[in-house]
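In case you want the letters, here they are:
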Amino acid sequence: MRLSNLADYAVLTMSAAARHCGGARASAAELAAETGLPAPTVQKLVSKLSAAGLLRSTRGTGGGLQLARPAAAISIADIVEAVEGPIALTACIDGGTCAVDHDCSVRSHWPVINDALRGALAAIPLTQLAATPAPTREMA
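Every value quoted in this text rests on a predicted model; they were computed, and no experiment measured them.

Caption draft 1: Molecular detail of the packing of helix α3 (residues 39–51) against helix α4 (residues 76–84). At a minimum axis separation of 9 Å, α3 and α4 run at an interaxial angle of 110°. When the interaxial angle is binned, α3 and α4 end up roughly perpendicular. Across from L45, K48 and L49 in α3, the residues of α4 making contact are I79, A82 and V83. Across the contact of α3 with α4, the residue classes tally to five nonpolar, no polar and one charged.

Right, dumping it as structure tokens:
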């Protein structure tokens, strides 16, 4: 399983926005420069993240973007769902079709698995990502 680039970029953008916490606002162009992402991509993400209630945009002098709620109250699951929709590892969970749908012995277990995955992502607050760089893994 792998997140889409857009979901990955959304987490990166929200981490940058969280570093502006405390009333400071940042523009989409500033977030693009800080993250190294293309400005059009950040603008697209800002639209999705704002629609999901994670970012707030203020126009005019002193305007810009800021988190819509405290970084500690925003989880990685919130960000991923803002871009990807509900977290579901299989198509049958969110209404999609499957070739073995009529005789699937594991279908009833997928909600438990999806809830576990969402729970893991929900347990990571944005503050954790914004506060410090991720630890590097040692190569074995």
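Let's pick the thread back up.
Caption draft 2: Expanded view of the environment of G63. Residue position: G63 is located in the loop between β1 (55–58) and β2 (64–67). Note on G63: relative accessible area 26%, which makes it partly exposed. Separated by 39 residues in the primary sequence, G63 and A24 have C-alpha atoms spaced 9.4 Å apart. Apart from the residues lying within four places of it in its own chain, the contact partners of G63 are R25 and T58.

Caption draft 3: Structural view of the side chain of T35. On the secondary structure map, T35 appears in helix α2 (residues 28–35). Residues within four places of T35 in sequence aside, it is in contact with L12, T13, A16 and V42.

Caption draft 4: Molecular detail of the environment of L12. Inspection of the secondary structure assignment puts L12 in helix α1 (residues 5–18). Residues L12 and T35, spaced 23 residues apart in sequence, show a C-alpha to C-alpha distance of 6.8 Å. Apart from residues lying up to four places away in sequence, L12 is in contact with T35 and L37.

Caption draft 5: Looking closely at α1. Between the first and last C-alpha of α1 there are 20 Å, a value that for 14 residues agrees with the 20 Å anticipated at 1.5 Å per step. Of all 14 residues making up α1, ten are buried, and the element is well covered by its neighbours. For α1, the full list of buried residues reads L6, A7, A10, V11, T13, M14, S15, A16, A17 and A18. In this structure, the buried side of α1 is in contact with α2, α3, β1, β2, α4 and α6 (126–131).

Caption draft 6: Looking closely at the pairing of β2. Where β1 lies against β2, four bridges are found, and the strand directions are antiparallel. Along β2, the bridge assignment pairs S57 with L65. Here β1 hands over to β2 after five residues, with G60 in that stretch at a positive phi of 90°.

Caption draft 7: Structural view of the nonpolar core. Counting 34 residues, the largest nonpolar core has M14, L49, L67, I79 and L126 as the members making the most contacts within it. When residues of this core are traced back to their parent elements, those giving at least two are α1, α2, α3, β2, α4, α5 (110–122) and α6. The greatest single-element share of this core, amounting to eight residues, is contributed by α1. The residues touching M14, leaving out its near neighbours within four places in the chain, are L49, L54, L55, L67, I74, I79 and L126.

Caption draft 8: Molecular detail of the pattern of salt bridges. Counted under the stated rule, the structure contains three salt bridges. Here R69 and D78 are joined by a salt bridge, their closest N and O atoms 3.0 Å apart. For R69, a relative accessible area of 29% corresponds to the partly exposed category. The partner of E81 in a salt bridge is R118, with the nearest N and O atoms 2.9 Å apart. In this pair, E81 is assigned in helix α4 and R118 in helix α5, connecting sequence segments 37 residues apart. Through salt bridges that share partners, R69, D78, E81 and R118 make up one connected network.

What counts, and where the lines are drawn
- Residues numbered from 1 in each chain as written.
- Predicted model: local features only at pLDDT ≥ 70, side-chain atom pairs only at ≥ 80, totals over all residues.
- Heavy atoms only, no water.
- Axes fitted to C-alpha atoms, helices over the stretch in contact; angles between N-to-C directions.
- Helix = DSSP H or I, 4+ residues; strand = E, 2+ residues; numbered from the N terminus.
- Parallel < 35°, antiparallel > 145°, perpendicular 65-115°, else oblique.
- Contact = heavy atoms within 4.5 Å.
- Nonpolar A, V, L, I, M, F, W, Y, C, P; charged D, E, K, R; others polar.
- Buried < 20%, exposed > 50% of the residue type's maximum accessible area, 1.4 Å probe, protein only.
- Expected span 1.5 Å × (residues − 1).
- Pairing = 2+ DSSP bridges.
- Core = buried A, V, L, I, M, F, W, Y, C linked by side-chain atoms within 4.5 Å.
- Salt bridge = Lys/Arg side-chain N within 4 Å of Asp/Glu carboxyl O.

The values are spatial; any link to function lies outside them.
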